[in-house]
There are 2 protein chains.
Amino acid sequence: MRVVVPFDAATPKTRLDDVLSVPERHAFSRAMLVDVVDAVAAAGGEPSVVATAPLSDPDPADPVDVDAPVTVDDRPLTACVNAQIEAGVPVAVVMADLGLVTPAAVRRLLSAPGDLAIVPGRGGGTNAFSTSHPAFRVDYHDGSYLDHLRRARSIGASVSEVDSARLSTDVDERADLVEVLLRGEGRAAAWLRDRFELAVEGGRLGVRRRDAD
Amino acid sequence: MRVVVPFDAATPKTRLDDVLSVPERHAFSRAMLVDVVDAVAAAGGEPSVVATAPLSDPDPADPVDVDAPVTVDDRPLTACVNAQIEAGVPVAVVMADLGLVTPAAVRRLLSAPGDLAIVPGRGGGTNAFSTSHPAFRVDYHDGSYLDHLRRARSIGASVSEVDSARLSTDVDERADLVEVLLRGEGRAAAWLRDRFELAVEGGRLGVRRRDAD
């Protein structure tokens, strides 16, 4: 199946600005993108990236290649994804910031039954979906998951929810980095573990930067 | 399979004290307990509850029966669960505060391969596991998930992770209530929806109490 991965190449992961510098946010988000693209390919999907801007050259000290075609579409996410659905179904759309992604989790999305298979994000967003229904359209915003269910019902599309913690965890803020350190298996987790470690903060797990050598 | 559900009957859900009154915390936690017990039974497990204190009588206005044997064990959770493993394997242990639980999610836990099947909680806890290995023992604390993996390795037990957002979401604090309102399917969700609704707060979904009539 064609699997589109939208990527904010211009201003990635702004809600991590209390933890990561701007170059770090670029590097970390690119590592997550590569993890998602690689997991999609390993799951038997055909990944392509739709980026808001051309991808910057990778860090020469730590080059990370994106092994998928990249096109630039600077429209808002909703318009961009709807254009991809209009280009033909079946199609899946998987967000680029799923730092816990694995091929097995993507395989469950790609093999899920229904005209729409959908993965809610924590907080009510839509982290991933696949659809074979040409009339399905997205509208990304807070709580878009419920609206996407309504949209599916309104066009008579059958729906299945993919119950995956790995796909439901989008990495937006500091607390999400704990999950990547705990359970991430890809390049993003390796990148993060080089720089951060788990630490108990106020009785709960948090992250702290490793001491400089 | 025997499935033990530990339940804090004495001081449930203290971290929800900024949202729910003490009687409400008792009622809500009991509704989650019933959802877990019912999902275990529907998934083909044999549920039993181990409570820190006798269950209080249900609210006569909204009686919720716990359809499983209840025993009282006032030891700390770790000692209590290890005693259950020592009583015989295979056994599964599922926390009582999984407000998104469904029979399908529990079925995945009960049918997972490996000497230990484990569901990490968000934040690194251990929300559920099943084991057939008599030497496995638990030690509940922050980040217990990683220690449980180490313990399994040390005794040569094979491990599978159950990748379920529904089982990974334990309901501890205000933000978790958003997930219950969004996706809960049981009594706890119904209880909560009677009293609270979703609301956009600072650009994200939160919960607010419904206006009194």
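See the structure above.
All values derive from a computational prediction rather than experimental measurement. In this convention, every chain numbers its residues from 1, walking through the sequence in written order. Starting at A for chains and at 1 for ligands, labels are handed out in the order in which the entities are written. In view of the model being predicted, local features appear only for residues whose pLDDT reaches at least 70, and side-chain atom pairs are presented and counted only at 80 or more, with totals across whole chains, interfaces and linings using the full set of residues. For the side-chain quantities, the full set of heavy atoms in the structure was used; hydrogens and water were omitted.

Student: Would you take a moment to explain empty space enclosed by the protein for this structure?
Tutor: Both cavities and pockets are sets of points on a 1 Å grid over the protein atoms alone; in a cavity a 1.4 Å probe fits but cannot get out, in a pocket the set is open with protein on both sides within 12 Å along at least five of seven lines, and lining residues sit with an atom within 4 Å of a point. Grid points are joined across faces, edges and corners, and a volume is the space filled by probe spheres set on the points. Overall, the coordinates contain one cavity of 30 Å³ or more when judged by the stated rule. As a volume, the largest cavity reaches approximately 150 Å³. Around the largest cavity, the lining is made up of 14 residues, and of these R122(A), S168(A), T169(A), R122(B) and T169(B) lie nearest the centre. Of all the secondary-structure elements, those providing two or more residues to the lining of the largest cavity are α5 (165-168) and α6 (174-183) of chain A together with α5 (165-168) and α6 (174-183) of chain B. Split by residue class, the lining of the largest cavity holds two nonpolar, six polar and six charged. Under the DSSP-based scheme used, a helix requires at least four consecutive residues in state H or I and a strand at least two consecutive residues in state E, with every element numbered from the N terminus. Only Asp, Glu, Lys and Arg are considered charged, only Ala, Val, Leu, Ile, Met, Phe, Trp, Tyr, Cys and Pro nonpolar, and every remaining residue, Gly among them, polar.

Student: So what exactly am I meant to see when it comes to the interface of chain B and chain A here?
Tutor: Residue-level contacts link 29 residues of chain B with 29 residues of chain A. For the pair chain B and chain A, the summed buried area comes to about 2400 Å², and 44% of that belongs to carbon and sulfur atoms. We define a salt bridge as a side-chain nitrogen of Lys or Arg found within 4 Å of a carboxyl oxygen belonging to Asp or Glu. Note that E173(B) and R204(A) form a salt bridge whose closest N and O atoms lie 2.8 Å from each other. Counted as a polar contact is a pair of N or O atoms within 3.5 Å, where, for protein atoms, one must be capable of donating a hydrogen and the other of accepting one, and residues adjacent in sequence contribute only when both atoms are in side chains. The tally of links between chain B and chain A comes to 18 residue pairs in polar contact (both at pLDDT 80 or more). Breaking the side of chain B that touches chain A down by element, the ones donating at least two residues are α3 (103-110), α4 (144-154), α5, α6 and β9 (204-209) of chain B. Per-element tally for the side of chain B that touches chain A: the top contributor is α6(B), with five residues. Its residues assigned to classes, the side of chain B that touches chain A shows nine nonpolar, eight polar and twelve charged. Note on contacts: a residue pair is in contact if any heavy atoms of the two residues lie within 4.5 Å. Two parts placed together each lose some accessible area; with a 1.4 Å probe, that loss summed over both constitutes the buried area.

Student: How should the relation of the copies chain B and chain A be read in this particular structure?
Tutor: Note: a rotation about an axis with an accompanying shift along it relates these two copies of the chain. The superposition of copies rests on a least-squares fit of C-alpha positions from residues with pLDDT of 70 or more in both. In screw terms, the move from chain B to chain A is a rotation of 180° and a rise of 0.0 Å along the axis, fitting with an RMSD of 0.0 Å. What the rotation and shift describe, once combined, is the action of a two-fold rotation axis. Interface overlap between copies is the fraction of interface residues in one copy that are interface residues in the other; for chain B against chain A it reaches 100%, indicating a shared surface.

Student: How should the sheet that holds strand β3 (residues 70-72) of chain B be read in this particular structure?
Tutor: Residue and element names in this part refer to chain B. Within the open sheet, the seven strands sit side by side as β3-β2-β1-β4-β6-β5-β7. Their pairing is mixed. The sheet is open, and its two borders are formed by β3 and β7 (159-161), each paired with just one other strand. Direction aside, the axes of adjacent strands within the sheet are offset by 20° on average. Think of each axis as a best-fit line through the C-alpha atoms, taken over the contacting stretch in the case of a helix, with angles from 0 to 180 degrees between the N-to-C directions. Relative to strand β1 (residues 2-7), helix α1 (residues 22-42) is tilted by about 175°, and along the sheet it contacts β1, β2 (46-51) and β4 (91-94). Running at roughly 165° to β1, helix α2 (residues 77-86) makes contact with β1, β2, β4 and β6 (126-131) of the sheet. Between any two strands, at least two bridges found by DSSP are needed for them to pair.

Remember that the coordinates give geometry; whether it matters functionally is a separate question.
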